Amino acid sequence: MEPAPALVAVAHGSRDPRSAATVSTLVDEVRRQRPELDVRLSFLDLSAPRLPDVLDAVATGGHARAVVVPLLLGHAFHARVDVPGAVATAAARLPGLEIGVSPVLGSRPAGGVGHRSSRPGRGAGHRDGHAGLSAAALRRLAAVAGPLHDPGLGVVLAAIGSSHAPANAAVADVVAGWTRRFGWSGGSAAFATAATPTVRDAVAALRAGGARRVAVAQWILAPGLLPDRIERDAAAAGAPVAAPLGPDPDIARAVLARYDAVALAEALPRHLIA
């Protein structure tokens, strides 16, 4: 029986060592949930090991297939350009290694179960991604905000922000869905950089709209310099702020779900997944 493809998780990377440590702990949780699977961690920039080096190691380690799972919450520049570019370069350099790429964690596949490196845009929808992300974020929110079924509550969902407007709109979609689900006074996306509103402005707008209390959730995987800005802005606005998603078991399950969808597609005859 052919061995399962290696799972190569790829994160953005950061100068802040807390970020790489958190992602490494998340990948350890993925390994704990699937101990028979070869799971590797890589980074696009600023941290090591880099994605090309890890794919080289997977190939020299005897694997014929690998699935790259971007540990990204938005389908922005890194997902649209950096990851497909690195994978395409590696595929040309490593003809004996078949490389698939999953949608990012924060995107819901809109058509196929995944996509191959030759067609990096296939299957990448937005909305709220894998259900595990919302489950983890809401648990963290409840830990600082208390009961979530409160019509007087306003919630800000803070993300890093992107120059790619659909990526920002996807964050707004998530908090809008939560607002309908829990019957909140209001919900708003906010961003640390590259987009508006800021956390302070979003908190002020929710209060002006009638929210009796406001809390801030983070649509961010790991701590770092920009998440620190979100936390400072929330504190300045007098709003409690939840922790980043971190190495939550539900996030690990989301990583494995992304992997499984692409690994299954690659194992099936092409006419069954077209």
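Residues numbered from 1 in each chain as written. Predicted model: local features only at pLDDT ≥ 70, side-chain atom pairs only at ≥ 80, totals over all residues. Heavy atoms only, no water.

Asker: Just checking my understanding: could you explain the nonpolar core for this structure?
Answerer: Here is a general trend for soluble globular proteins: nonpolar side chains tend to be buried in one another's company. In this structure, Leu-7, Leu-71, Leu-105, Leu-141, Trp-178, Trp-184 and Trp-219 are the most contacted members of the largest nonpolar core, which totals 50 residues. With 8 residues, helix α8 (residues 249–267) is the single largest residue contributor to this core. In this structure, Trp-184 is in contact with Leu-138, Leu-141, Leu-148, Asp-150, Pro-151, Leu-153, Val-155, Trp-178 and Thr-179, ignoring residues within four places of it in sequence. In terms of nonpolar packing, the next biggest core, distinct from the first, is built from 21 residues, Leu-72, Leu-94, Val-101 and Val-104 among them. (Core = buried A, V, L, I, M, F, W, Y, C linked by side-chain atoms within 4.5 Å. Buried < 20%, exposed > 50% of the residue type's maximum accessible area, 1.4 Å probe, protein only. Helix = DSSP H or I, 4+ residues; strand = E, 2+ residues; numbered from the N terminus. Contact = heavy atoms within 4.5 Å.)

Asker: Which parts of the structure should I look at to understand the layout of surface pockets?
Answerer: In this approach a probe as big as a water molecule rolls over the atoms, and the regions it shows empty are the leftover space. Roughly 890 Å³ of volume is contained in the largest pocket. Forming the boundary of the largest pocket are 39 residues, of which His-12, Leu-72, His-78, Ile-160 and Leu-226 lie nearest the centre. Among the elements that line the lining of the largest pocket, the one with the most residues is helix α5 (residues 165–182), at 4 residues. Within the lining of the largest pocket, the residues separate by chemical class into 25 nonpolar, 12 polar and 2 charged. (1 Å grid on protein atoms, 1.4 Å probe; cavity = no way out; pocket = protein on both sides within 12 Å on 5 of 7 lines; lining within 4 Å. Points joined across faces, edges and corners; volume = space filled by probe spheres on them. Nonpolar A, V, L, I, M, F, W, Y, C, P; charged D, E, K, R; others polar.)

Asker: How do you make sense of the pattern of salt bridges when you look at a structure like this?
Answerer: It is possible for side chains of opposite charge to pair when their charged atoms get near one another. Within the structure shown, the criterion is met by 15 salt bridges. With its nearest N and O atoms 2.9 Å apart, the salt bridge here joins Asp-260 to Arg-34. Of the two residues, Asp-260 is situated in helix α8 and Arg-34 in the loop between α1 (17–33) and β2 (39–43); the sequence distance between them amounts to 226 residues. The partly exposed category is assigned to Asp-260, whose relative accessible area is 31%. (Salt bridge = Lys/Arg side-chain N within 4 Å of Asp/Glu carboxyl O.)

Asker: Got a minute to help me understand the environment of Pro-249 in this structure?
Answerer: As for its placement among the helices and strands, Pro-249 is situated in helix α8. Accessibility expressed as a relative area gives 34% for Pro-249, which makes it partly exposed. Separated by 223 residues in the primary sequence, Pro-249 and Leu-26 place their C-alpha atoms 8.0 Å from one another. Among residues more than four places away in sequence, those in contact with Pro-249 are Glu-29 and Gln-33.

Asker: So what exactly am I meant to see when it comes to the sheet that holds strand β8 (residues 213–218) here?
Answerer: Strand pairing in a sheet is mediated by backbone hydrogen bonds. Such pairs are either parallel or antiparallel. Read across the sheet, 3 strands follow the order β7-β6-β8 without closing on themselves; strand pairing throughout is parallel. Looking along the sheet, the strands with just one partner apiece sit at the ends: β7 (186–191) and β8. Across the sheet, the mean angle separating the axes of adjacent strands is 25 degrees when strand polarity is ignored. Bridge count for strand β6 (residues 153–159) against β8 is 6 bridges, and the pairing is parallel. In the strand pairing of β8, Gly-154 is matched with Val-214. The sheet strands contacting helix α4 (residues 131–145) are β6 and β8, and the helix crosses β8 at an angle near 145 degrees. Relative to the sheet, helix α7 (residues 225–236) contacts β6 and β8, its axis offset from that of β8 by approximately 175 degrees. (Pairing = 2+ DSSP bridges. Axes fitted to C-alpha atoms, helices over the stretch in contact; angles between N-to-C directions.)

Asker: What should I look at first to understand the packing of aromatic side chains in this one?
Answerer: Geometry of an aromatic ring pair is reported as the spacing of the ring centres plus the angle between the planes. As enumerated under the stated definition, the model contains 3 aromatic pairs in all. Ring geometry for Trp-178 against Trp-184: centres 6.5 Å apart, planes inclined by 85 degrees, an arrangement best described as edge-to-face. We note that Trp-178, like Trp-184, is buried. Ring pairing ties together the aromatic residues Trp-178, Phe-182, Trp-184 and Trp-219, which thus form one cluster. (Phe/Tyr/Trp six-rings, centres within 6.5 Å; stacked < 30°, edge-to-face > 60°.)

Asker: Could you clarify how one ought to interpret the pairing of strand β3 (residues 65–70) in this entry?
Answerer: With 6 of 6 residues buried, β3 lies mostly within the body of the structure. Here β3 shows two buried faces, one formed by Arg-65, Val-67 and Val-69 and the other by Ala-66, Val-68 and Pro-70. One ladder, built from 5 bridges, connects strand β1 (residues 6–11) with β3; its direction is parallel. Its bridge partner lying in β3, Ala-6 is registered against Ala-66. Taken together, the 4 bridges between β3 and strand β4 (residues 98–101) define a ladder with parallel strand orientation. Residue pairing for β4: Val-68 is matched across the bridge by Val-101. The β-α-β motif built from β3, the intervening helix α3 (residues 77–93) and the parallel element β4 has right-handed crossover chirality. (Right-handed = clockwise from strand over helix to strand, strands pointing away.)

Asker: Sorry, what's going on with the confidence of the model for the chain here?
Answerer: One rule of thumb: low pLDDT means the predicted coordinates there are not for detailed reading. Averaged over the chain, the pLDDT score is 90; the fraction of residues at 70 or greater is 89%. Low pLDDT (under 50) marks residues 109–128, which in the prediction has 57 contacts with non-local residues, meaning those over four places away or in another chain. Low confidence marks residues 269–274, where pLDDT is under 50. Its contacts with residues over four positions away, or in another chain, come to 8 contacts. (pLDDT = per-residue confidence, 0-100.)

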